Amino acid sequence: MVENVIGGLIVAVLGIVWRYVVLPGVHLFYGRGEPDISGRWESYDNAECSGQPVGEATVKQRGRHVSIRLTRVVGRGGHTIRRTMLFKGRWQSEQLTATFYDAAAHYRGGAVVLRWVGSGSPIRLVGRVIYWDRTPDAATAASVDPAGIVSSPYALRKKD
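If you're wondering where the values come from, they're calculated on a predicted model, not measured in any experiment.

1. Some thoughts on the pairing of strand 1 (residues 39–44)
When you tally the buried positions in strand 1, you get 5 out of 6 residues, the bulk of the element. In the sheet, strand 1 pairs with strand 2 (residues 55–62) via 5 bridges, with the strands oriented antiparallel. Within strand 2, the position partnered with Ser43 by the bridge is Gly55. Judged from the 4 bridges that link them, strand 1 and strand 8 (residues 149–158) form a sheet pairing that is antiparallel. Across the sheet, Trp41 pairs through a bridge with Lys158, a residue of strand 8.

2. Digging into the packing of aromatic side chains
The tally for this structure, following the rule as stated, stands at 2 aromatic pairs. Taking 5.0 Å as the distance between ring centres and 35° as the angle between the ring planes, the aromatic pair formed by Phe87 and Phe100 counts as tilted. With Phe87 in strand 4 (residues 80–92) and Phe100 in strand 5 (residues 95–102), this residue pair connects regions lying 13 residues apart in the sequence. Pair check on accessibility: Phe87 and Phe100 agree, each one buried. Measuring from ring centre to ring centre gives 6.0 Å for Trp91 and Trp116, while their planes differ by 45°; the resulting arrangement is tilted. Residue Trp91 is found in strand 4, and its partner Trp116 is found in strand 6 (residues 110–117); the two are separated by 25 residues along the sequence. When its relative accessible area of 0% is taken as the criterion, Trp91 is described as buried.

The rules we used
- Residues numbered from 1 in each chain as written.
- Predicted model: local features only at pLDDT ≥ 70, side-chain atom pairs only at ≥ 80, totals over all residues.
- Heavy atoms only, no water.
- Buried < 20%, exposed > 50% of the residue type's maximum accessible area, 1.4 Å probe, protein only.
- Helix = DSSP H or I, 4+ residues; strand = E, 2+ residues; numbered from the N terminus.
- Pairing = 2+ DSSP bridges.
- Phe/Tyr/Trp six-rings, centres within 6.5 Å; stacked < 30°, edge-to-face > 60°.

Here's what the structure looks like:
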């Protein structure tokens, strides 16, 4: 009976050590001190994060793997829309590289490359978004190549 209690205590202590010492140590070793970008972000169609945000994103980070759920409420032409895009990518060397697709499968996907800018608050990720647009409007027509590929400035600014 006493052996069972002692065995149970040993297992409990080993579990606590594993959870609060070993796993965080492994995460620090493999994470290499990369900043955690998890949280709520505002999205912008310009690198300066100026004007009104065009959407809101929720970022979840696990090590270097990142998933983002972005709801866009303003189209590139300034009209009101409601589109939810899902992103999957990697956060490495203060750079986010991801592919995205429309959650409702109505629109095609694309890619985004964003880099960490500045050291102040709020945190910003700035770069470009690339996607195919078969019917570009006046707002995107200038940035469309002959194949219909749009490359536009894009940025995220951390809310919390």
